Amino acid sequence: MEQICAALEPQFPCRETTIKTLGELIGNCEEAYPAAIYLFGHTGTGKSALTKAFLQQCRKQQKVRVAQLNAIECYTTKILLENVLDALAPQGAEETAKRADNMLEFVNELRRWHDQENNSSYLIAVDNAERLRDMDANVLPVLLRLQQLTSLNLCVLLVSQLPFEKYYNKTGLSEIITLHMAQYNKAETLRILSADFVHVQRQLLAGLSGNEKGLRKCEQAMTPEFYSNYLSLFLSVFYKACRDVPELKLTARKCFSIYIEPVLAGTIEATDVSRLWRHIAGPLRAALTQIYMRFDKPADELEQQSNESDQSVRKLAQSLELPYYGKYLLIASFLASHNSAKQDKRLFVKHHGKQKKRMQTVNAKAKTTDKMSTTLGPKSFSIDRLLAIFYAILEEKVGLTCNLLSQISTLVHLKLLSFVSGEQNIMDGSARLQCTVGLEFVLHIGKVVGFNVRQYLCDFM
C-alpha cells in the first residue's frame, strides 16, 4: 500500500486523503476487498484519472486483474458483461471464455474461475456509473453483490458525478462504501496549476530557440514566483466561472504567452505586476468567453487584436443553435449573475416608484473598471430569480412547462451555466447556478434576438 500511495501522491496533489483511503481499502490484495466502492464528485476533480492510475499501480505491483470500463461505451448489458470477462479472463483462457448474454451466465463464468484459481484478486471499475440505471434492472444490484455471489476476492468501483442516493430504487440496493472527491478550493487549484511550471517553462524555451536575447530574458524572468503571480491574476478572473482543473490548466497555458510577451520584449519589468495586469486583463476576459469551447485554430489566437476576437465571439454566438426561449434564458441568467438582487425591481418592473438621488448614492454608483460586476465575475442566483427575470424581459407570455425547465438543463450541459449548489434540484427551485459566459458573448446573443442587454445591466446605468 505504501508503494502505491508514494507513486500516486506526486501525480495527484491535494488528493492524499483519497489515495490513502483507497490504499487502505484495496491496496493490499492479500486481504479481503470490500464488495463495492462508490467514488463521486463534480467533473474536473480527478475521479477517473485517479481511479485509472490507482488500478494501474495495483496491476503493476500486485498482479491484480483489472477491468476498466466506461458505461457510455458499454451501452448494453451484453457488451458490459463481455468486456468484463475479456479483461478478467485467466491467462490462456481469453479465447475460450464463455460469452455472457445475461447476469446469470456472467456470474456462473466467474464462479468457474474461482474453482480454477483460488488466490487471484479482481478489480472492476465502471466510469459514468449513472448509466447503469438505464440497463437491465438486475445489473446494478448484482454488481454490488458480485463478491458474495462469486466467492472471489473482487471489488467493484463505481465512478460518477451523482451522489449514491440517486440510485436507490423500490427494491433497494446493498450497502456501499462512498468516497466524495470535493471540488478544489482556490488555494488547492493554485497549487495544482503551479505544478505545471516546469512544463510551461520548457515549452516557452523551446519556442524561443534561436533567439539568444529572448532566451536570456526568459531565463531571468521565468521563476516560480513570477508564474505564481500570473496564476493568482488568472484565477481572480476564471475561478468563479470555472472549477474544472484540466480546462483551467489548458487556458492558463494559452494565456501565459501573452502575459510574458512584454517582459521578453523589454517594455515591462517582470516585477511590475500592475502593468502586467493591465496588459493581460483584456485577453483574459476574451478567453473567459471561450471557456469549455474548442476551435481548430492555433493556440496564439488570443494574441490577435480585440476586433478580431470580437468577430470570433460574434460568429460563435450566431452559430450557437439554441432554442428561442433558451437564448432568453441565457440572457436572463447573465443579468441575474451580474446584477444585484436589490436592483431587480428598478430594472425589470415598470412602475417601481421614484428613487431619490443623494450624493452618497451617486458616488457609490460611480464605478471604476475594477469594481464593475462584469469584471469581478458572476454571482450565484436561484431558479426562481432566473425565471422572474426571464418573464420580465420576454415580451410574449409563455407558460412554465417542463420543456422550458429542460432548456435550463441544456444550458448547464453546454457549460453555459454551472451549478453552485442544489444540483439536480431544478424542478423544486432550490438549485443555485451562475452564468459562465462573458459580456461580449451575451451581447451578441441579445443582438440575435433583438434584445439590448446593456440597458438592463447596473454597470451601464
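Residues numbered from 1 in each chain as written. Predicted model: local features only at pLDDT ≥ 70, side-chain atom pairs only at ≥ 80, totals over all residues. Heavy atoms only, no water.

Chemist: Got a minute to help me understand the packing of helix H9 (residues 197–207) against helix H12 (residues 245–265) in this structure?
Modeler: What describes two packed helices is the angle between their axes and the distance between those same axes. For the pair H9 and H12, interaxial distance at closest approach is 11 Å and the crossing angle is 60°. With respect to H12, the element H9 is oriented oblique. Every pair of crossing elements has a handedness; the one defined by H9 and H12 is right-handed. Contacts between H9 and H12 involve His 199, Val 200 and Leu 204 from the first element and Arg 253, Phe 256 and Ile 260 from the second. Class assignment of the residues belonging to the contact of H9 with H12 gives a composition of 4 nonpolar, 1 polar and 1 charged. (Axes fitted to C-alpha atoms, helices over the stretch in contact; angles between N-to-C directions. Helix = DSSP H or I, 4+ residues; strand = E, 2+ residues; numbered from the N terminus. Parallel < 35°, antiparallel > 145°, perpendicular 65-115°, else oblique. Left-handed = near helix turned anticlockwise from the far one by under 90°. Contact = heavy atoms within 4.5 Å. Nonpolar A, V, L, I, M, F, W, Y, C, P; charged D, E, K, R; others polar.)

Chemist: Hey, could you run me through the confidence of the model for the protein chain in this one?
Modeler: Atomic detail in the predicted coordinates should be set aside for any region of low pLDDT. Here the protein chain shows a mean pLDDT of 81. Residues at 70 or above account for 83%. Per-element mean pLDDT across the protein chain ranges from 48 in helix H17 (residues 359–365) up to 93 in strand E1 (residues 36–40). Across residues 365–370 the pLDDT falls below 50, and counting only partners more than four positions away or on other chains, this stretch makes 8 contacts in the model. (pLDDT = per-residue confidence, 0-100.)

Chemist: Before we go on, may I ask you to explain the layout of surface pockets in this structure?
Modeler: In this approach a probe as big as a water molecule rolls over the atoms, and the regions it shows empty are the leftover space. A volume near 960 Å³ is recorded for the largest pocket. Around the largest pocket sit 31 residues that line it, and Gln 161, Val 412, Lys 415, Phe 419 and Glu 423 are the ones nearest its centre. Among the secondary structure elements, those contributing two or more residues to the lining of the largest pocket are helix H20 (402–413) and strand E7 (417–421). No other element matches the 4 residues that E7 contributes to the lining of the largest pocket. In the lining of the largest pocket, the residues fall into 10 nonpolar, 12 polar and 9 charged. (1 Å grid on protein atoms, 1.4 Å probe; cavity = no way out; pocket = protein on both sides within 12 Å on 5 of 7 lines; lining within 4 Å. Points joined across faces, edges and corners; volume = space filled by probe spheres on them.)

Chemist: Looking at this structure, how should I read the nonpolar core?
Modeler: As a rule of thumb, nonpolar side chains are buried together in soluble globular proteins. In terms of nonpolar packing, the biggest core is built from 42 residues, with Leu 330, Ile 331, Leu 335, Ile 393 and Val 453 touching the most fellow members. Counting residues per element, this core draws most heavily on helix H15 (residues 324–338), which supplies 8 residues. Residues within four places of Leu 335 in sequence aside, it is in contact with Phe 348, Arg 385, Ile 389, Ile 393, Phe 451, Val 453, Tyr 456 and Leu 457. Of all hydrophobic cores here, the second largest spans 40 residues; its members include Ala 71, Ala 100, Met 135 and Leu 146. (Core = buried A, V, L, I, M, F, W, Y, C linked by side-chain atoms within 4.5 Å. Buried < 20%, exposed > 50% of the residue type's maximum accessible area, 1.4 Å probe, protein only.)

Chemist: Got a minute to help me understand the pairing of strand E3 (residues 121–127) in this structure?
Modeler: If a strand is regular, its side chains alternate between the two faces of the sheet. For E3, a buried count of 7 out of 7 residues is recorded, marking the element as mostly surrounded by other parts of the structure. Every second residue of E3 is oriented toward a common face, with Ser 121, Leu 123, Ala 125 and Asp 127 on one face and Tyr 122, Ile 124 and Val 126 on the other, all of them buried. Bridge analysis of strand E2 (residues 65–70) against E3 gives 6 bridges, and the strand direction is parallel. In the sheet register, Val 66 faces E3, and the bridge partner there is Leu 123. Two elements, E3 and strand E4 (residues 153–160), share 6 bridges in a ladder whose sense is parallel. Each residue of the ladder has a partner; that of Leu 123, found in E4, is Cys 155. (Pairing = 2+ DSSP bridges.)

Chemist: Just checking my understanding: could you explain the sheet that holds strand E6 (residues 381–382) for this structure?
Modeler: Two modes of strand pairing occur in sheets, parallel and antiparallel, and in both the strands are linked by backbone hydrogen bonds. The 3 strands lie next to each other as E6-E8-E7, forming an open sheet whose pairing is antiparallel. This sheet does not close on itself; its edge strands, each paired only once, are E6 and E7. Across 4 bridges, the pairing between E7 and strand E8 (residues 432–435) is antiparallel. In the sheet register, Leu 417 faces E8, and the bridge partner there is Cys 435. Here H15 sits on the sheet in contact with E6, E7 and E8, set at roughly 100° to E8.

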